[in-house]
Amino acid sequence: MILENIKIDNKVDNSPEEIIKNISKLEWKDGLYGKQSWGHSLHKIAPYVGRIKPPFAHFLIKYVTKPGDTILDPFCGIGTIPLEGSLCGRNTIGVDLNPYAITISEAKTQHNLILEDLIDYVENLDIISKGVSIRKIPDWVKEYYNKNTLKEILYTLNILKADEQKFIYGCLVGISQGHRPGHLSKPCAWTLPYKPRPDDPGEYRDVKTRLIAKIKRNYKDKIESSGSIKILKEDSRKLSLENESVDHIISSPPYYNTLDYVNSHRLRLAICGVYKEDDKKALRDQTIQRYKDYLDEMRKVIVELYRVLKPGGYCVFVVGDHFKGKLVINTSEELAVLFKEVGFTYYGAVEDPIPVNKSVQKTTKKVKFERIMLLQK
Ligand SMILES: C[S@@+](CC[C@H](N)C(=O)[O-])C[C@H]1O[C@@H](n2cnc3c(N)ncnc32)[C@H](O)[C@@H]1O
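The present account deals with the structure reproduced in this document.

### Topic: the layout of surface pockets
Next, step 1: By volume, the second largest pocket is sized at about 700 Å³.
Next, step 2: Around the second largest pocket, the lining is made up of 26 residues, and of these Lys161, Tyr169, Ile271, Cys272 and Gly273 lie nearest the centre.
Next, step 3: Elements supplying a minimum of two residues to the lining of the second largest pocket: α4 (99-109), α7 (147-162), α8 (166-175) and α10 (266-271).
Next, step 4: Here the lining of the second largest pocket gets six residues from one element, more than from any other, and that element is α7.
Next, step 5: Residue composition of the lining of the second largest pocket, by class: 15 nonpolar, five polar and six charged.

Written out as C-alpha cells, the structure is:
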C-alpha cells in the first residue's frame, strides 16, 4: 500500500460546483487507485457485500470535507468511510445495525495499538476446545468447520469480548470464513458462504497461528496521523446524535432490495452470535432493504440527517439504479424528491458506470450505474 497517496489537503475548495467538477473526474478508477490492492491494510479485515471501495471513499472525503471536520456515515457497513476519513485526518461517526458490520467497524477504531503487544497478547492466550459446548450452534453452521476448530473460535471470541480486544476480535471473525489456508472454515468463498463440499471432513485448523498471521497482515501499514472514529450500533431512522452536530454526511445507503445484508453474511453473523431464526428475522425487519416501504423508510432517515447536520453541511449519497421488471429506475431521482421535501438543496448526481461483470450478486437485476448525489442543508 502506498501511503504517500493519501495527501491531506488543507485548502479544500468545497463549493458545490467544485465538488461536482472534482467528483466527475472519477479518479478512484485510475492508475494505482483503480487497483483492488489500494487502501490501508486495515480496510482488509473482512469483506462485506455492498462495501464502498476505499479509494472511492478517499476521493469523496477529500473533495467534500476538510481535516478536522466531523463526518457521519449513517449506513457505515464495515466502516470503510469512517476508517478512510480518520486516515485523512477527519473525525468520523459510523452507524449501522448489523452486528457483523459493527464488529468489523469497531475493530478499525483500535488502529493505534502496538503490533508487538497484540501478538504478545494472542501468544499468551490459552486457547482450548475441551469442555466448550457447541450444542446450541445450528447444524448448518457446524457443517463449515472441524468441531475442534469451531470450539476454539467460540472460546477465543468470548475471551476477546471480555478483554475488549475489538481489533483482534474483528480479525478472528474475518478469518472465520474463506478458502485460503489461513482461514478457519472448510474451503468456502470469502464473501458469500456457499456451502462447503459435503464430503469434506474438515481438517483441524488451529486458531492461534492463523490469528497471529492475520493480525500481522492487517496491522502492517503505518498510520501517520488520524482523526477519531466512533461507531454506533443504532437505527439511522432514530439517531442518538445531537442536533446540528456533524459537518458533513457521506454514505452508500441500501437501495431497494438489491442486496441482502443479513443472508449474505449469515455465517459470520452466526460466528458473532446471531444464528437464531428469530434474531435474524428481527435484524432483517430492521434493515432497510425491502422494496415495498423503501422510500417511506428512507424519508425517516433523511429527516434525521437534516436534524443532525450543521447548516451549510453537505450530504453525499452513493446509490445504484434498480430494476422493476424490465424498467430501470433511477434511485437518485426518487431520493432527490425526498431530500428536497425535507429541506435540502440538491445539486445533481454524478454518474459512475459499473462494469456489469463486476456486480457482486449476479442476478438478472444488474446494477449499471452508481450515482453520487450531492445535497446541502
Ligand atoms: C451499502 S451498505 C454500506 C456499506 C459500507 N459503505 C461499507 O463500505 O461497508 C448499507 C448498510 O446499511 C445498513 N442499514 C440498513 N438499514 C439500516 C438502518 N435502519 N440503520 C442503520 N443501518 C442500516 C446495512 O446493515 C448495511 O450495512
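### Notes on the packing of aromatic side chains
Next, step 1: Across all of its chains, the model carries ten aromatic pairs by this definition.
Next, step 2: Pairing Tyr306 with Phe344 gives two aromatic rings, centres 5.1 Å apart and planes at 75°, and the pair type is edge-to-face. With a gap of 38 residues between them, Tyr306 in helix α12 (residues 294-308) and Phe344 in the loop between α13 (331-342) and β8 (345-353) connect regions that are remote in the sequence.
Next, step 3: Look at Phe317 and Phe339: their rings are 5.2 Å apart centre to centre, the planes differ by 85°, and that puts the pair in the edge-to-face class. Placement of Phe317 in strand β5 (residues 314-320) and of Phe339 in helix α13 is noted, with a sequence separation of 22 residues between them.

### Quick notes on the site of the ligand
Next, step 1: Neighbouring the ligand are 24 residues, the closest being Tyr48, Thr80, Asp96, Ser252 and Ile288.
Next, step 2: Between the ligand and Ser236 there is a distance of 3.0 Å, counted from a nitrogen atom to a backbone nitrogen or oxygen.
Next, step 3: One nitrogen or oxygen atom from the side chain of Ser252 is found 2.9 Å from a nitrogen atom belonging to the ligand.
Next, step 4: Coverage of the ligand by the protein chains reaches 99% of its 600 Å² of free accessible surface.

### With respect to the pattern of salt bridges
Next, step 1: Tallied over the entire structure, the rule returns 22 salt bridges.
Next, step 2: With a shortest N-O distance of 3.5 Å, Glu18 and Lys21 are connected by a salt bridge. Taken as a pair, Glu18 and Lys21 lie in helix α1 (residues 16-23) at a separation of three residues, close to a single helical turn.
Next, step 3: Across the pair Glu297 and Lys300 runs a salt bridge, and its minimum N-O distance is 3.1 Å. Of this pair, Glu297 and Lys300 both sit in helix α12, three residues apart, roughly one helical turn.
Next, step 4: Of the residues examined, Glu297 reaches a relative accessible area of 11% and is grouped as buried.
Next, step 5: With a relative accessible area of 42%, Lys300 lands in the partly exposed category.
Next, step 6: Shared partners join several salt bridges into a network, and the residues in it are Asp235, Arg237, Glu297 and Lys300.

### Section: the packing of helix α2 (residues 54-64) against helix α3 (residues 80-87)
Next, step 1: At a closest axis distance of 9 Å, the pairing of α2 and α3 adopts a crossing angle of 55°. When the interaxial angle is binned, α2 and α3 end up oblique. For the crossing formed where α2 meets α3, the hand is right-handed. Across the interface between the two elements, Pro54, Ala57, His58 and Ile61 of α2 pack against Thr80, Ile81, Glu84 and Gly85 of α3.
Next, step 2: Of the residues contributing to the contact of α2 with α3, the split by class is four nonpolar, three polar and one charged.

Rules used throughout
- Residues numbered from 1 in each chain as written.
- Predicted model: local features only at pLDDT ≥ 70, side-chain atom pairs only at ≥ 80, totals over all residues.
- Heavy atoms only, no water.
- 1 Å grid on protein atoms, 1.4 Å probe; cavity = no way out; pocket = protein on both sides within 12 Å on 5 of 7 lines; lining within 4 Å.
- Points joined across faces, edges and corners; volume = space filled by probe spheres on them.
- Helix = DSSP H or I, 4+ residues; strand = E, 2+ residues; numbered from the N terminus.
- Nonpolar A, V, L, I, M, F, W, Y, C, P; charged D, E, K, R; others polar.
- Phe/Tyr/Trp six-rings, centres within 6.5 Å; stacked < 30°, edge-to-face > 60°.
- Near = heavy atom within 4 Å.
- Polar contact = N/O pair within 3.5 Å; in protein donor to acceptor, adjacent residues only side chain to side chain.
- Areas by Shrake-Rupley, 256 points an atom, 1.4 Å probe, with all protein chains shown as cover.
- Salt bridge = Lys/Arg side-chain N within 4 Å of Asp/Glu carboxyl O.
- Buried < 20%, exposed > 50% of the residue type's maximum accessible area, 1.4 Å probe, protein only.
- Axes fitted to C-alpha atoms, helices over the stretch in contact; angles between N-to-C directions.
- Parallel < 35°, antiparallel > 145°, perpendicular 65-115°, else oblique.
- Left-handed = near helix turned anticlockwise from the far one by under 90°.
- Contact = heavy atoms within 4.5 Å.

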